[in-house]
Amino acid sequence: MTNPSLESQEFLTFVLGSEIYGIDILKVQEIRGYDSVTSIANTPEFIKGVINLRGHIVPIVDLRIKFHLERIAYDEFTVVIILNMSDRIVGIVVDGVSDVLHLGVNEIRPVPDIVSGIDTRYIIGLASIEDRMLILVDIEQLMDSHEMALFESAAVI
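Residues numbered from 1 in each chain as written. Predicted model: local features only at pLDDT ≥ 70, side-chain atom pairs only at ≥ 80, totals over all residues. Heavy atoms only, no water.

1. Overview of the overall build of the chain
Assigned secondary structure in the chain consists of three helices and 10 strands. Listing every helix and strand of the chain by position from the N terminus yields β-β-β-β-β-α-β-β-β-β-β-α-α. Split into buried and exposed, the 157 residues of the chain put 43% on the buried side. Restricting the contact set of the chain to residue pairs at least 6 apart, pairs at least 24 apart contribute 59%. Total accessible area on the chain stands at roughly 9100 Å², and carbon and sulfur atoms take up 51% of it. (Helix = DSSP H or I, 4+ residues; strand = E, 2+ residues; numbered from the N terminus. Buried < 20%, exposed > 50% of the residue type's maximum accessible area, 1.4 Å probe, protein only. Contact = heavy atoms within 4.5 Å. Areas by Shrake-Rupley, 256 points an atom, 1.4 Å probe, with all protein chains shown as cover.)

2. Regarding the environment of aspartate 138
Along the chain, the position of aspartate 138 falls in the loop between strand S10 (132–137) and helix H2 (139–143). Separated by 15 residues in sequence, aspartate 138 and isoleucine 123 have C-alpha atoms that sit 5.8 Å apart. Excluding its chain neighbours within four sequence positions, the residues that come into contact with aspartate 138 are Tyr122 and Ile124.

3. Re empty space enclosed by the protein
Here the structure, examined in full by the defined rule, presents one cavity of 30 Å³ or more. Of the pockets and cavities examined, the largest cavity occupies roughly 40 Å³. Taken together, Arg32, Gly33, Tyr34, Asp35, Val37, Ile51, Ile60 and Val80 make up the full set of residues lining the largest cavity. When the residues that make up the lining of the largest cavity are grouped by side-chain class, the tally is five nonpolar, one polar and two charged. (1 Å grid on protein atoms, 1.4 Å probe; cavity = no way out; pocket = protein on both sides within 12 Å on 5 of 7 lines; lining within 4 Å. Points joined across faces, edges and corners; volume = space filled by probe spheres on them. Nonpolar A, V, L, I, M, F, W, Y, C, P; charged D, E, K, R; others polar.)

4. Points about the nonpolar core
Ranked by size, the top nonpolar core spans 27 residues in total, and within it Ile23, Leu63, Ile81, Ile92, Ile139 and Met143 carry the most contacts. Contributing elements (two or more residues each) for this core: strand S1 (8–16), strand S2 (19–24), helix H1 (63–66), strand S6 (79–85), strand S7 (88–94), strand S9 (123–129), S10 and H2. With sequence-adjacent residues up to four places away left out, leucine 63 is seen in contact with Phe14, Leu16, Ile92, Val93, Val94, Leu142 and Met143. Ranked by size, the runner-up nonpolar core spans nine residues in total, among them Phe11, Leu101, Ile124 and Ala127. (Core = buried A, V, L, I, M, F, W, Y, C linked by side-chain atoms within 4.5 Å.)

5. What to know about the packing of aromatic side chains
The tally for this structure, following the rule as stated, stands at three aromatic pairs. Measuring from ring centre to ring centre gives 5.5 Å for tyrosine 21 and phenylalanine 67, while their planes differ by 35 degrees; the resulting arrangement is tilted. Separated by 46 residues along the polypeptide, tyrosine 21 in strand S2 and phenylalanine 67 in the loop between H1 and S6 bring together distant segments of the chain. Grouped by ring-pair contacts, the aromatic residues Phe14, Tyr21 and Phe67 constitute a single cluster. One residue, lysine 66, lies across the ring of phenylalanine 46, its end atom 4.6 Å from the ring centre. (Phe/Tyr/Trp six-rings, centres within 6.5 Å; stacked < 30°, edge-to-face > 60°. Lys NZ or Arg CZ within 6 Å of the ring centre and 35° of its normal.)

6. Topic: the pattern of salt bridges
Counted according to the given criterion, the structure contains six salt bridges. Two residues, arginine 71 and glutamate 45, come together in a salt bridge whose shortest N-O distance is 1.8 Å. Here glutamate 45 lies in the loop between strand S3 (28–33) and strand S4 (47–53) and arginine 71 lies in the loop between H1 and S6, a separation of 26 residues in the sequence. Each of Glu30, Arg32, Asp35 and Arg54 takes part in one network of salt bridges that share partners. (Salt bridge = Lys/Arg side-chain N within 4 Å of Asp/Glu carboxyl O.)

In structure tokens, the structure reads:
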């Protein structure tokens, strides 16, 4: 659900497969190319591992795996978006970053009730950009899931 007190919001858009997603730009700390990660045993499959980012140990989540999409080989366009969310820093692997969009609250539509096969807890809403749909993701809700708590307990050494 959108917050009616917001007049407008900026979203960083990124590509995963054939879909375009958007996340709150205020959660984005930086965008970087994909580098190798250090794997940690007994973590959920979508957690590729961790990186050391200027002294912070940052878990790296592959959103393709998290969203049950076909896996692809990482290439020069594969990007990691480093997110700074209230009490943690997390990196998400995406196919590419597109743009920053400014959307008014009236441009964001709720997910139709007929969409029953997907978990909509993480979806803020939908917006149209040109002739394509933009899926707006509540990245904090997505990264605050049960699986991320499993990672944090496995990563404690």
